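Here is how the chains run, residue by residue.
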Amino acid sequence: MTRTVVVAGGSGFIGSHLCERLLDRGDRVICVDNLSTGKRANIAELESRPEMRFFEADVCEEFGPDLRNLIEDWGLDAVLHLASPASPPAYLARPIETLDVGSRGTRNLLHVAEAQGARFILASTSEVYGDPLEHPQTESYWGNVNPIGERSVYDESKRFAEALTMAMHRSRGMNIGILRIFNTYGPRLQPSDGRVISNFVAQALSGVPFTMYGDGSQTRSFCYVDDLVTGIVAMLDSSEVGPINLGNPIEFTLRELADVMAELCEVPLQITYAPLPSDDPRMRQPDITLARERLGWEPQIDLRDGLASTIAWQRSR
Ligand code: UDP
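These figures come from a predicted structure and were not determined experimentally. Here the residue numbering is sequential within each chain, running from 1 through the sequence in written order. With pLDDT at 70 or above as the cut-off, local features in this predicted model cover only qualifying residues; side-chain atom pairs require 80 or more to be listed or tallied, and sums for whole chains, interfaces and linings still use all residues. Excluded from the side-chain calculation are hydrogens and water; included are all heavy atoms of the structure.

(A) Geometry of the pattern of salt bridges. A side-chain nitrogen of Lys or Arg and a carboxyl oxygen of Asp or Glu constitute a salt bridge if their distance falls within 4 Å. Following the criterion strictly, the structure yields 20 salt bridges and no others. With its nearest N and O atoms 3.6 Å apart, the salt bridge here joins aspartate 280 to arginine 151. Of this pair, aspartate 280 sits in the loop between strand S13 (271–274) and helix H9 (289–295) while arginine 151 is found in the loop between strand S5 (119–125) and helix H5 (152–172), placing the two residues 129 residues apart along the sequence. Arginine 151 carries the same exposure label as aspartate 280, and that label is buried. With a shortest N-O distance of 3.2 Å, arginine 220 and aspartate 280 are connected by a salt bridge. Remark: aspartate 280 occurs in the loop between S13 and H9 and arginine 220 occurs in strand S9 (residues 219–221); sequence separation between them is 60 residues. Numbering of helices and strands runs from the N terminus; a helix is a DSSP stretch of H or I covering at least four residues, while a strand is a stretch of E covering at least two. The cut-offs for exposure are 20% and 50% of the maximum accessible area for each residue type, with area from a 1.4 Å probe on protein chains only; residues under the lower value are buried, those over the upper are exposed, and the others partly exposed.

See the structure below:
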């Protein structure tokens, strides 16, 4: 049976890979994106597929008649909510929009799913753990977020989205699943995105030093996008409520990342140091026991292999 899935934020970095995977397995995909940070180019090759529809629309507003009619026509099995600015510079530049998409946007999408009896998957984030006092982070950790700090526009928006999604599950019996996604990288992470991997690749390819915020002793754990998408699809196909962490548990300091990147790009290691952004987490590493046990998922792709594909993609542009 053909399934129909709405992917909100489907033109973004992770969303576009997810649309592709769902189409490849025979699902019908309705991609909804306001192109605030998503790129139409990310889905250009998918748009010619008969099972794919793109709507330029803001999920903070109710769906228009064309979109509603298509859902009536095709039916709806699931809504995947990945719509949000996600890179720190992107959400810091769009603070109100970021809070809106986690609150009003989540509410609208929950109502769309509820009206059709569809499963709702929320793409939440490791940022709900803030600057964590527990390491690695398990799903039972409540986090350490500064509620009025600059980053709170993203962190609290996602925390609210989780609360709303759980409330719809508890009070109205909705079929929901919450994923907490850790740092992800791969092709289609825009060179202008502002995240560390795309910045380092762009800098290496232009022959300028890496911009290191702080002393480079902070840690992150980087998951290749293909692995991540496998985890999202496993969650979609399950009846798990979550929250479930998705990320690669292999942790690196940024200094180690810079070393690997210089080696893979075949450039000498050069670093320019800049101040650490406010509330930048000191460390981050997912505990993925739940994902292993409940979804049978764990990442397969080694950092060096994933970075090689990412570098090749950025170089080809
Ligand atoms: N970072 C850096 N140089 C850059 C971009 C980011 O040193 O050009 C640091 C950033 O301060 C953070 C880490 O790299 O400590 C990961 O940042 P990113 O924006 O990729 O993701 P985050 O985990 O902060 O959401």
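On we go from here.
(B) Main features of the environment of glycine 12. Its location among the elements puts glycine 12 in the loop between strand S1 (4–8) and helix H1 (13–24). The spacing of glycine 12 and alanine 204 is 192 residues in sequence and 24 Å in space, taken between C-alpha atoms. Here a residue-residue contact requires only that any non-hydrogen atoms of the pair lie within 4.5 Å. Look past the residues within four positions of glycine 12 in its chain and what remains in contact with it is Asp33, Gly38 and Asn42.

(C) The nonpolar core, seen in detail. We define a nonpolar core as any set of buried Ala, Val, Leu, Ile, Met, Phe, Trp, Tyr and Cys residues linked to one another through side-chain atoms lying within 4.5 Å. Membership of the largest hydrophobic core comes to 56 residues, with the highest contact counts inside it found for Val7, Leu18, Leu22, Leu80, Ile232, Met261 and Leu307. Discounting residues that sit within four places of it in the chain, valine 7 has contacts with Gly15, Leu18, Cys19, Leu22, Val29, Ile30, Cys31, Val32, Leu80 and Leu82. Counting 30 residues, the second largest nonpolar core, distinct from the first, contains Val6, Ala118, Met168 and Ile176.

(D) Structural detail: the site of the ligand. Distances are taken per atom, and a residue is near a molecule or strand as soon as one of its heavy atoms is within 4 Å of it. Surveying the vicinity of the ligand reveals 17 residues, the closest of which are Asn199, Thr211, Arg220, Asp280 and Arg284. Here a polar contact is taken to be a pair of N or O atoms separated by no more than 3.5 Å, where protein atoms must pair a possible hydrogen donor with a possible acceptor and residues adjacent in sequence count only if both atoms sit in side chains. A distance of 3.0 Å is found between an oxygen atom of the ligand and a side-chain nitrogen or oxygen belonging to arginine 151. A distance of 2.8 Å is found between an oxygen atom of the ligand and a backbone nitrogen or oxygen belonging to tyrosine 213. If the ligand stood free it would expose 510 Å²; the protein chains cover 96% of that surface. The protein chains shown are the only cover counted for residues, whose accessible areas, like all others here, come from Shrake-Rupley with a 1.4 Å probe.

(E) Quick peek at unusual backbone geometry. Note that the residue after histidine 135, namely proline 136, is joined by a cis bond; omega there is -10°. You can see proline 136 is positioned in the loop between S5 and H5. Between glycine 242 and the following residue, proline 243, the backbone shows a cis peptide bond with an omega angle of 0°. Residue placement: proline 243 occurs in the loop between helix H7 (225–237) and strand S11 (244–246).

(F) Here's a closer look at the pairing of strand S2 (residues 28–33). Counting buried residues along S2, 6 of its 6 residues qualify, which places the element largely inside the surrounding structure. The side-chain alternation of S2 yields two buried faces, one formed by Arg28, Ile30 and Val32 and the other by Val29, Cys31 and Asp33. At least two DSSP bridges between two strands are needed for those strands to be called paired. Examined bridge by bridge, S1 and S2 share 5 bridges and lie parallel to one another. Bridged to valine 6 within S2 is isoleucine 30. Here a crossover is taken to be right-handed if, once the strands point away from the viewer, the path from the first strand over the helix to the second is traced clockwise. Since S1 and S2 lie parallel, the crossover through H1 that links them has a hand, and here it is right-handed.

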